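Okay, here's what each chain looks like letter by letter:
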Amino acid sequence: MIDKIIDNYLRFLSTLTPADFLEFFWFFLIFEFFRYFLVEFIVLILTEVKKVTSRKQRASASAELFFENPLVSILIPGKNEGKHLYKLVNSLSEQTYKNIEIIVVDDGSDDDTPAIGRMLEKAGLIDVFLRNEVRGGKASGANLALRYSKGKYIIHLDADCSYDFDAIENILIPFYMELGVGGVGGNVNVRNYKHSLVTTLQGVEYYNAITIGRKVTSYLGIYRVISGAFGAFRADVIKSIGGWDIGPGLDGDITVKIRKKGYKIRFAADAHCLTSVPNTFKKLVKQRLRWDKSLIRFRLRKHNDVFKVQASFRLLDFFSAFENFFYNVVLNFKWYIYLTIMLTFYRPLFINVFITNVLLYTIMNYIKFLLFSLFRDRSHSSVSYFLIYLPCMVLYFGLFLRAVRTIAYLQEIFFKMSYKDTWNPRKTSIHAEYLRL
Amino acid sequence: MGQAIHHSENRGTRIEYAGHSFLHIKHLESLNIEDVKNHSAVIIETRDLDYVRMIVSRIRGNIAPDIYLKPIFLQSRNSINDLVLENLVDGRISNLDKVASLVELVEENLNRVQDLTFANSISFEAQMITKMITLMYTKDQKSLLPIPYIYSSINFAYPLLSVNFSETDEHAVLNILDIAESEGLFRSEYYDRIYLCNQCSSSHLSYREVCPKCSSSNTKSDDIIHHFPCGYVGPMQDFKNEIDDKLDCPKCNKRLRHIGVDYDKPSVIHECKNCSHTFQDFFVNAKCLSCGSDRSVEQLKSKIIKSYFLTKKGESAAIKGFVTTTKDIDEIFGTIKFDTFKTMLKYEIERLKQTEGSSNICAIYIRNSSLVYSKLGSTLQKGLLKDLISVIRSNIRSSDVISFVSSSTIILSMNEIPNKISNKIMGNMVRLLEELIASTFKKLDVQFEYKVVALDHHKPYEEHITELTIDFI
């Protein structure tokens with residue numbers, strides 16, 4: 001059986017002309033290879049060039065930051081995060097940038113978070129510990145912390161993350177490198193990548209999507225999501241837009257709101273943060289359904305004005321939203337069209353086309369992973385660890401995540417399921433749905 | 001029984017009745033404390049409670065048994081509304097015509113006093129315990145109950161013991177009672193818990209909610225409001241407008257209408273008006289009204305207030321005399337027991353009969369010992385006495401011996417030395433002791449006196465000791 005398939009496949013390859021290749025693999029060539037390899041590779045080279053040429057500018061920005069020494073407010077909202085707090089504040093006390101105030105908001109925890117928080121506040125390890133007896137959701141927790149922050153810059157952290165000793169310094173430097181920067185995203189990577197197959201695959205995914213992907217989008221000026229795990233904002237800017245709106249997906253939402261105000265968003269690749277990702281496929285599905293729904297809710301509904309030609313129209317905002325929408329939503333459904341064409345018109349060759357696609361993606365993944373590794377600022381994990389898992393990425397990214405994305409989009413487009421997500425309290429979601437937020 | 005005879009004297013009025021002499025005191029100025037010894041009881045006319053308290057305290061706080069054990073009666077038409085005072089006195093008469101009613105009480109007291117044997121208590125704590133249990137015995141009182149008392153620095157008084165201490169040193173009462181309990185003289189029951197200033201041990205504290213950062217009590221509080229539609233969260237102040245008393249969201253300008261539907265109040269926030277710090281949990285500080293220190297309540301000293309009940313051993317100690325406590329000082333290196341000293345003195349006098357030599361006994365007296373020891377506590381007191389003995393020992397010959405008559409009186413022998421030289425040595429020694437105190441116990445004023453008596457082989461040893469210590473006891 002397998003011999004037959006191999007024989008058949010080798011025959012297919014020997015008869016494959018360039019015209020056939022384009023006919024069968026146009027999806028890979030036009031969308032995947034072009035966008036995720038070629039463009040990224042070129043931009044990565046350009047970012048390296050820029051990094052070298054702007055070395056002096058960066059040094060003077062760093063000097064300016066330390067000369068001015070502005071107060072930086074670190075906001076850590078969350079529910080039942082008490083167990084992470086001591087480790088987190090300890091890692092913050094190691095930071096090279098010292099003029100910080102730590103504000104922790106306990107959003108209606110039902111564990112021992114209040115006791116831990118009060119204790120840390122009393123010990124002087126936390127500057128302000130605020131507790132809402134009744135849960136109000138992530139946005140309300142962050143907004144409460146924002147209300148009582150005094151810093152010139154605001155950094156939003158997740159309690160279960162940890163940070164490089166110079167992460168705060170590095171995430172602040174972009175504000176001093178160019179004018180008009182409203183927010184800077186940190187480089188979030190996976191801490192528990194060795195835990196299971198699903199965390200390892202996410203390790204590769206985060207590397208591709210964040211370390212590489214955001215470096216590229218930042219360079220192109222279309223960077224669109226400052227991660228909630230590690231994001232810095234100018235206090236005056238974030239306060240002027242009223243802080244965070246109701247989620248889920250509030251990270252992307254606030255980034256768009258800042259962009260729409262005319263501010264630049266930058267990515268600090270050298271501001272490293274490690275986070276723990278879902279360690280089972282079930283948990284991952286739940287998380288991704290939430291994230292993917294927010295794309296429809298925020299890009300297509302709440303912020304669809306960026307697509308309209310009006311007084312506030314900005315080309316970069318348009319491209320940012322368009323690229324996001326096109327590559328995630330349009331191509332997601334386009335892939336099904338590709339699959340249908342293949343199954344309908346090329347049915348006898350389907351297995352051969354499928355095998356070739358898998359090989360193409362796998363080869364691209366290997367080349368990309370090894371080649372792009374040269375652009376890594378620093379690594380918390382060895383490149384070689386992931387090599388054995390790269391073949392799985394085709395199934396993980398191409399089939400598993402695509403399926404999850406499809407379900408999420410359909411749920412949101414037709415049923416507005418994000419408003420029913422228990423991630424937010426019902427009392428707030430009901431208003432968000434009514435007001436189409 | 002007959003008519004009471006009144007004799008007016010400079011020091012108050014003496015009333016004689018049924019063979020007993022009652023000292024009638026009208027004014028504080030008319031009290032000569034030594035005069036109390038010459039009467040069977042004291043009657044104080046109650047015009048002003050403050051002066052009555054002072055007179056009673058001077059009598060009960062004295063260290064001489066024939067003063068502090070004397071029955072005290074108040075002359076008052078109305079009952080005295082002061083539990084502590086009532087505990088310190090033995091009864092009340094409405095006027096002096098009722099003196100006859102006191103006779104039985106006085107005689108009973110005298111009989112009880114005759115049961116008592118007074119041993120020389122060496123340590124300050126033992127002296128205080130002796131005073132307390134002998135007073136309890138003469139008053140036929142089996143328990144020592146704490147009385148909530150506004151004039152006490154620890155807010156509770158054990159009248160028979162507390163009367164020996166000034167307000168600032170009253171916390172020492174608790175240590176003495178602990179010692180008495182550990183000696184088995186009392187059993188105790190839990191009554192209450194108090195908190196004392198860690199600086200001055202006063203319980204006169206003002207508890208206040210303060211800012212965790214600057215400890216200021218000048219704060220304001222506000223409800224936190226969460227506006228559901230836009231997620232804005234802030235103090236109610238943010239939602240107030242200048243036009244009416246309604247609340248509008250500062251982020252989305254919507255009017256807040258229905259709590260629980262479009263907004264809620266998930267918490268309360270406090271802001272310090274002094275340092276602008278915002279917080280949700282106040283710190284609780286205790287400001288000491290005595291010394292002014294302002295500390296977190298966690299730093300206060302916690303003490304248990306107990307009710308004490310005299311045990312059989314306690315009663316027996318009252319009658320037979322209570323000499324030492326385990327915290328006593330007879331183990332101080334370089335001293336011998338007073339009984340041994342007396343025996344050695346007896347032999348020295350016998351020896352002098354044969355040799356016609358010149359020997360002396362000397363005494364060093366700490367004039368303000370009660371004050372000094374109450375300030376030091378038992379551990380430091382022992383340290384002080386050890387230092388004193390060490391200095392004395394290094395200034396006398398090794399053949400001479402040292403002993404304690406009491407915790408305030410040290411006695412030593414100086415054999416085969418002329419009286420003049422003994423006096424000189426003692427003078428130098430007291431100067432050295434004063435220097436030692438000044439360098440070791442700063443801020444502590446210890447007043448010394450000394451006396452030297454040349455031994456006369458014609459007199460018994462008891463007479464020598466009496467001559468030496470008469471001025472000091």
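Residues numbered from 1 in each chain as written. Chains lettered and ligands numbered in written order. Predicted model: local features only at pLDDT ≥ 70, side-chain atom pairs only at ≥ 80, totals over all residues. Heavy atoms only, no water.

**Overview of the pairing of strand β14 (residues 263-272) of chain B**
Residue and element names in this part refer to chain B. Definition in use: Buried, partly exposed and exposed residues are distinguished by accessible area as a fraction of the type maximum, computed with a 1.4 Å probe on protein chains only: under 20%, between the cut-offs, and over 50%, respectively. Only DSSP runs of H or I with at least four residues qualify as helices, and only runs of E with at least two residues qualify as strands; both kinds are numbered from the N terminus onward. Strands were regarded as paired on the criterion that DSSP finds at least two bridges between them.
The buried fraction of β14 is high, at seven of ten residues. Summarising the sheet, strand β12 (residues 219-227) and β14 pair through eight bridges and their orientation is antiparallel. The residue bridging Ser221 from the neighbouring strand is His270, located in β14. Bridging between β14 and strand β15 (residues 278-279) involves two bridges; their strand directions are antiparallel.

**As for a nonpolar patch on the surface**
Residues and elements named next belong to chain A. Quick note on the threshold: Residues forming no salt bridge and having over 30% relative accessible area are the ones grouped into patches, like charges within 9 Å of each other and nonpolar side chains (Val, Leu, Ile, Met, Phe, Trp, Tyr) within 5 Å. For the accessible areas, the method is Shrake-Rupley and the probe is 1.4 Å, while residue cover comes only from the protein chains on display. Within this document, salt bridges are pairs made up of a side-chain nitrogen of Lys or Arg and a carboxyl oxygen of Asp or Glu, the two lying within 4 Å of each other.
The grouping of Met1, Ile2, Ile5, Ile6, Leu10, Leu13 and Ile351 at the surface amounts to a nonpolar patch, some 710 Å² of accessible area in total. Looking at which element gives the most residues to the nonpolar patch, the answer is helix α1 (residues 2-14), with five residues. Looking at the secondary structure, you find Met1 in the segment before α1.

**Concerning the domain arrangement of chain B**
Note the threshold: Each domain span listed reflects an automatic or database assignment of domains.
Here chain B is partitioned into domain 1 (1-115), domain 2 (118-206 + 288-325), domain 3 (212-281) and domain 4 (338-469). Domain 1 of chain B and domain 3 of chain B are separated by 68 Å when their C-alpha centres are compared.

**What about the pairing of β12 of chain B?**
All names here are of chain B. In terms of strand pairing, β12 meets strand β13 (residues 233-235) through three bridges, oriented antiparallel. Looking across to β13, one finds that Ile224 is bridged to Pro235. Here β12 folds back onto β13, and the loop between the two strands holds five residues, one of which, Gly231, carries a positive phi near 80°.

**Looking at the sheet that holds strand β8 (residues 264-275) of chain A**
Residues and elements named next belong to chain A. Taken together, eight strands build an open sheet; the order of strands is β3-β2-β1-β4-β7-β6-β8-β5 and the sheet is mixed. In the strand order of this sheet, the two ends are held by β3 (128-132) and β5 (162-163), each with one partner. Across nine bridges, the pairing between strand β6 (residues 181-190) and β8 is parallel. If you follow Val181 over to β8, its bridge partner there is Lys264.

**Quick word on unusual backbone geometry**
Here Asn80 of chain A, not a glycine, exhibits a phi torsion of approximately 55°, which is positive. Inspection of the secondary structure puts Asn80 of chain A in the loop between β1 (72-78) and α4 (82-93). A positive phi angle, close to 55°, is found at Asp140 of chain B, a residue other than glycine. Looking at the element boundaries, Asp140 of chain B is found in the loop between α5 (124-138) and β7 (143-144). Judged by relative accessible area, which is 42%, Asp140 of chain B ranks as partly exposed.

**Comments concerning the interface of chain A and chain B**
Defined as follows: Only heavy atoms matter for contacts: two residues are in contact if any of them lie within 4.5 Å across the pair. The term buried area means the drop in 1.4 Å probe accessible area that two parts suffer when joined, counted for both and summed. By the criterion applied in these results, polar contacts are pairs of N or O atoms within 3.5 Å in which, for protein atoms, one can donate a hydrogen and the other can accept it, and in which residues neighboring in sequence qualify only through two side-chain atoms. Residue type decides the class: Asp, Glu, Lys and Arg count as charged, Ala, Val, Leu, Ile, Met, Phe, Trp, Tyr, Cys and Pro as nonpolar, and the leftover types, Gly among them, as polar.
Facing 31 residues of chain A, the contacting portion of chain B comprises 28 residues. When the two sides are added together, the surface that chain A and chain B hide from each other amounts to roughly 2200 Å², 55% of it contributed by carbon and sulfur. Counting across the chain A and chain B interface gives six salt bridges. Here chain A and chain B share 14 residue pairs in polar contact (both at pLDDT 80 or more) between them. Elements with a contribution of two residues or more to the side of chain A that touches chain B: α5 (113-122), β3, α6 (138-147) and α16 (426-434) of chain A. Split by residue class, the side of chain A that touches chain B holds twelve nonpolar, eight polar and eleven charged.

**Some points on the sheet that holds strand β10 (residues 186-196) of chain B**
Residue and element names in this part refer to chain B. Rules: A fitted line through C-alpha atoms represents every axis, and for helices the fit uses only the stretch in contact; the resulting angles, taken between N-to-C directions, go from 0 to 180 degrees.
Across the sheet, three strands lie side by side as β7-β18-β10; this open sheet has antiparallel pairing. Lying at the two open borders of the sheet, with one neighbouring strand each, are β7 and β10. Direction of pairing for β7 relative to strand β18 (residues 301-310): antiparallel, over a ladder of two bridges. Paired with Ser143 across the two strands is Phe309, which belongs to β18. Sitting on the sheet, helix α7 (residues 172-182) touches β7, β10 and β18, and the angle it makes with β18 is about 50°.

**Quick notes on the domain arrangement of chain A**
Residues and elements named next belong to chain A. Along its sequence, chain A is organised into domain 1 (2-47 + 312-434) and domain 2 (53-280). The C-alpha centroid of domain 2 is placed 28 Å from the C-alpha centroid of domain 1. Taken residue by residue, the interface counts 42 residues in domain 1 and 41 residues in domain 2. In total, about 3700 Å² of surface goes out of reach between domain 1 and domain 2, with carbon and sulfur atoms giving 65% of it. Where domain 1 meets domain 2, there are two salt bridges. Among the ionic pairs, Arg259 bridges to Asp317, the shortest N-O distance being 3.0 Å. There are ten residue pairs in polar contact (both at pLDDT 80 or more) connecting domain 1 and domain 2. Looking at the side of domain 1 that touches domain 2, the elements with two or more residues in it are α2 (18-53), α12 (315-345), α13 (350-373), α14 (383-387), α15 (390-415) and α16. Among the elements that take part in the side of domain 1 that touches domain 2, α12 stands out by supplying seven residues, more than any other.

**Looking at the nonpolar core**
The following threshold applies: The definition of a nonpolar core used throughout is a set of buried Ala, Val, Leu, Ile, Met, Phe, Trp, Tyr and Cys residues joined through side-chain atoms within 4.5 Å.
If you look at the biggest cluster of nonpolar residues, it comprises 110 residues, and the most contacted ones within it are Ile155, Leu172, Phe230 and Trp244 of chain A. It is α2 of chain A that contributes the most residues to this core, nine residues altogether. Of all hydrophobic cores here, the second largest spans 59 residues; its members include Ile67, Phe156, Ala172 and Leu196 of chain B.

**Considerations on the packing of helix α11 (residues 281-302) of chain A against α15 of chain A**
Residues and elements named next belong to chain A. For clarity, the threshold we go by: By the definition adopted for this analysis, an angle is roughly parallel if under 35 degrees, roughly antiparallel if over 145, roughly perpendicular if from 65 to 115, and oblique otherwise. Each crossing gets its handedness from the near helix: less than a right angle anticlockwise from the far helix is left-handed, clockwise is right-handed.
Following both chains from N to C, one finds α11 and α15 inclined at 50°, their axes separated by 8 Å at the closest point. Relative to α15, α11 is oriented oblique. Crossing geometry of α11 relative to α15 is assigned as right-handed. Facing α11, whose interface residues are Phe281, Leu284, Val285, Arg288, Leu289, Asp292, Lys293, Leu295, Ile296, Arg297 and Arg301, α15 presents Tyr396, Phe400, Leu401, Val404, Arg405, Ile407, Ala408, Tyr409, Gln411, Glu412 and Ile413.

**Digging into the side chain of Asp421 of chain A**
Residues and elements named next belong to chain A. What counts here: In this tally, Lys and Arg are treated as positive and Asp and Glu as negative; His is ignored, and so are the chain termini.
Along the chain, the position of Asp421 falls in the loop between α15 and α16. Notably, Asp421 is buried but unbridged: the nearest opposite-charge side chain belongs to Lys293, and the N-O separation is 4.6 Å. Setting aside chain neighbours within four positions, we find Asp421 in contact with Pro248, Arg290 and Ser429.

**Side note on the packing of α12 of chain A against α13 of chain A**
All names here are of chain A. Direction vectors running N to C along α12 and α13 enclose 140°, while the axes themselves pass 9 Å from each other. Residues Tyr338, Leu339, Met342 and Leu343 of α12 pack against Phe350, Val353 and Asn357 of α13. Counted by class, the contact of α12 with α13 contains six nonpolar, one polar and no charged residues.

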